[in-house]
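Chain by chain, the residues run as shown.
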Amino acid sequence: MQLIAILLQWGIIQASAVYMQEAPDYESANVSQTAMGRVVEILDTDRYWTKIRTPEPYEGWINGLCLVKITEEQKDAFLDSPRYICTAEFSHIYEKPSDRSPRVTDFVMGNIVGQGSRRSGTWVEVVLPSGKTGWARSRDVQDLRQWASGPAATASGLEDVARRFVGSAYVWGGMSPKGFDCSGLAGFCYFMNGILLPRDASQQAKCGVSVPVGEMLPGDLVFFGESRISHVGLCVAPGVVVHSSQTVRVSSLLPGGEDYYGRNIIDVRRILGHVDDGTGAKSILMSPLYFKQ
């Protein structure tokens, strides 16, 4: 039994979005969220709870039914296999290539599944982490490797993702279309443009390079607080950010501007142009928990 536990030190998340708890108890605080298709390291177990470390990396407890435990060899095989990423905001996977057939699971932007061998009209077969197959609309997915190997991220690409979720509720620990906190939104915008950032705002503030407030450009991250960083927004125009504060919203940083947000700016960090240069931001294509290196 101990040998089996040692071998099964990895897992693949199989629910569309899973909240991670501070302790193995549903009444404990949410600390983060992870998503379908993420390869995670298993750190501990407690009854039906499993403590994991995600690719960001971040640690927390999830219900063990939300992941499939795998060996090192199975992990490598999964990371080397053809996969799809969901690029639709919200979708579903069905038992058959029809939206009238029973649903297998919900399917949200950023979810990753295996590629099946069959196609049927506007549908593609997908393989869930459990090994179960289903069908997704072909317009809702892209080949993961082709997507990750695409053109370099741009400010307009980051803005496009951020603006899709304007009006969404603020959710502590959220980092998926089901709800965002401030750093969760910033990280998700970069993720959907092929870049992996650390989880928290204080960690993200160490990525890229610092630029003067007056020189901020679209795509930069703007960090707020007093004695310490406590909030982050994505610059989409000079003096304008999209951020998750009570709700995902567009705010002016200039007095008199629409939805003026007057908190103290501690730093502005430029990530674009500084990916994979050792300053903290990594391309998903180069991440050993997204692709076999």
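Refer to the preceding data block for the structure.
Because the structure is a prediction, the values reported are computed rather than measured.

> Got a minute to help me understand the pairing of strand E6 (residues 59-63) in this structure?
Along a regular strand, successive side chains alternate from one face of the sheet to the other. In terms of burial, E6 is a largely internal element, four of the five residues being buried. Strand direction decides the pairing type here: strand E5 (residues 49-53) and E6, joined by five bridges, are antiparallel. For Trp-49, the partnering residue across the bridge sits in E6 and is Asn-63. In textbook terms, the turn of a hairpin is the stretch between consecutive antiparallel strands, and for E5 and E6 this stretch comprises five residues.

> Before we go on, may I ask you to explain the packing of aromatic side chains in this structure?
Each pair of aromatic rings is reported with the distance of its centres and the angle of its planes. Tallied over the entire structure, the rule returns nine aromatic pairs. A centroid spacing of 5.9 Å and a plane angle of 80 degrees characterise the contact between Phe-165 and Phe-188, whose relative ring orientation is edge-to-face. Here Phe-165 is found in the loop between helix H4 (155-164) and strand E15 (175-176), whereas its partner Phe-188 is found in helix H5 (residues 182-191), with 23 residues between them in sequence. Considering the side-chain rings of Phe-180 and Phe-188, the 5.3 Å spacing of their centres and the 55 degrees angle between planes classify their relative orientation as tilted. Since its relative accessible area comes to 0%, Phe-180 is described here as buried.

> Any chance you could explain the side chain of Glu-125 here in plain terms?
Along the chain, Glu-125 falls in strand E12 (residues 123-127). The exposure class of Glu-125 is buried, given its relative accessible area of 6%. Among the polar contacts made by the side chain of Glu-125, one reaches the side chain of Arg-118 at a distance of 2.8 Å. Not counting residues within four places of it along the chain, the set of residues in contact with Glu-125 comprises Tyr-84, Gly-114, Gln-115, Gly-116, Ser-117, Arg-118, Thr-133, Gly-134 and Trp-135.

> Before we go on, may I ask you to explain unusual backbone geometry in this structure?
Trans peptide bonds make up the majority, and among non-glycine residues the majority have a negative phi. With an omega of 0 degrees, the peptide bond between Glu-56 and Pro-57 qualifies as cis. Inspection of the secondary structure puts Pro-57 in the loop between E5 and E6. Despite not being glycine, Gln-246 has its phi angle at roughly 75 degrees, a positive value. Position of Gln-246 relative to the elements: it lies in the loop between strand E21 (240-245) and strand E22 (247-252). Backbone geometry places Asp-259, a non-glycine residue, at a positive phi of 50 degrees. Structurally, Asp-259 is set in the loop between E22 and strand E23 (265-270). Overall, Asp-259 belongs to the partly exposed group, its relative accessible area being 33%.

Reading the values: the criteria
- Residues numbered from 1 in each chain as written.
- Predicted model: local features only at pLDDT ≥ 70, side-chain atom pairs only at ≥ 80, totals over all residues.
- Heavy atoms only, no water.
- Buried < 20%, exposed > 50% of the residue type's maximum accessible area, 1.4 Å probe, protein only.
- Helix = DSSP H or I, 4+ residues; strand = E, 2+ residues; numbered from the N terminus.
- Pairing = 2+ DSSP bridges.
- Phe/Tyr/Trp six-rings, centres within 6.5 Å; stacked < 30°, edge-to-face > 60°.
- Polar contact = N/O pair within 3.5 Å; in protein donor to acceptor, adjacent residues only side chain to side chain.
- Contact = heavy atoms within 4.5 Å.

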